[in-house]
Amino acid sequence: MRNVERLTSLKSELLDIFMSMQVAEHEQRSRTAAQRNLRARRGIELHNEFKRLSRDIAQLPEDELAEDEMH
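So, here is what we can say about the structure in this document. Computed from a predicted model, the values in this text were never measured in an experiment. Here, residues in each chain are numbered from 1, in the same order as that chain's written sequence. Note on the predicted model: pLDDT of at least 70 is required for a residue's local features to be given, and 80 or more for side-chain atom pairs to be given and counted; whole-chain, interface and lining totals, by contrast, use all residues. Just so you know, side-chain values use all the structure's heavy atoms and leave hydrogens and water out.

## What about the overall build of the protein?
Right, so step 1: Here a helix means four or more residues in a row that DSSP labels H or I, a strand means two or more in a row labelled E, and each is numbered from the N terminus. Counting its regular elements, the protein contains 2 helices and 0 strands.
Right, so step 2: Out of the 71 residues in the protein, the part that is buried amounts to 0%.
Right, so step 3: The Shrake-Rupley method, run with a 1.4 Å probe sphere, supplies the accessible areas, and residue values consider only the shown protein chains as cover. Carbon and sulfur atoms make up 58% of the accessible area of the protein, which totals about 6,900 Å². The classification of residues rests on relative accessible area computed with a 1.4 Å probe and restricted to protein chains. Under 20% of the type maximum is buried, over 50% is exposed, and intermediate values are partly exposed.

In structure tokens:
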């Protein structure tokens, strides 16, 4: 009977270890996905800002562009 208790205890410990490893892996994947999403969002925002700036600059008259380059 003693061996059965030890075996049950060992199985329980192994299951706990396995579950904690699964939780840690899931948390790591979640962090990685969040970082990837943040980089993508920042890239999209930067792309949109460059497009907006290009449109704004394109609308400036040529003489204003020349004056800005002189300063």
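## A few points about the pattern of salt bridges
Right, so step 1: Salt bridge criterion: a side-chain nitrogen from Lys or Arg within 4 Å of a carboxyl oxygen from Asp or Glu. One pass over the structure, following the stated rule, counts 1 salt bridge.
Right, so step 2: Taking the shortest distance from any N to any O, the salt bridge between Arg2 and Glu5 comes out at 3.9 Å. Remark: Glu5 and Arg2 occur in helix 1 (residues 2–58); sequence separation between them is 3 residues, near one turn of the helix.
Right, so step 3: Overall, the relative accessible area of 64% leaves Arg2 in the exposed class.
Right, so step 4: By relative accessible area, which is 47% here, Glu5 ends up partly exposed.

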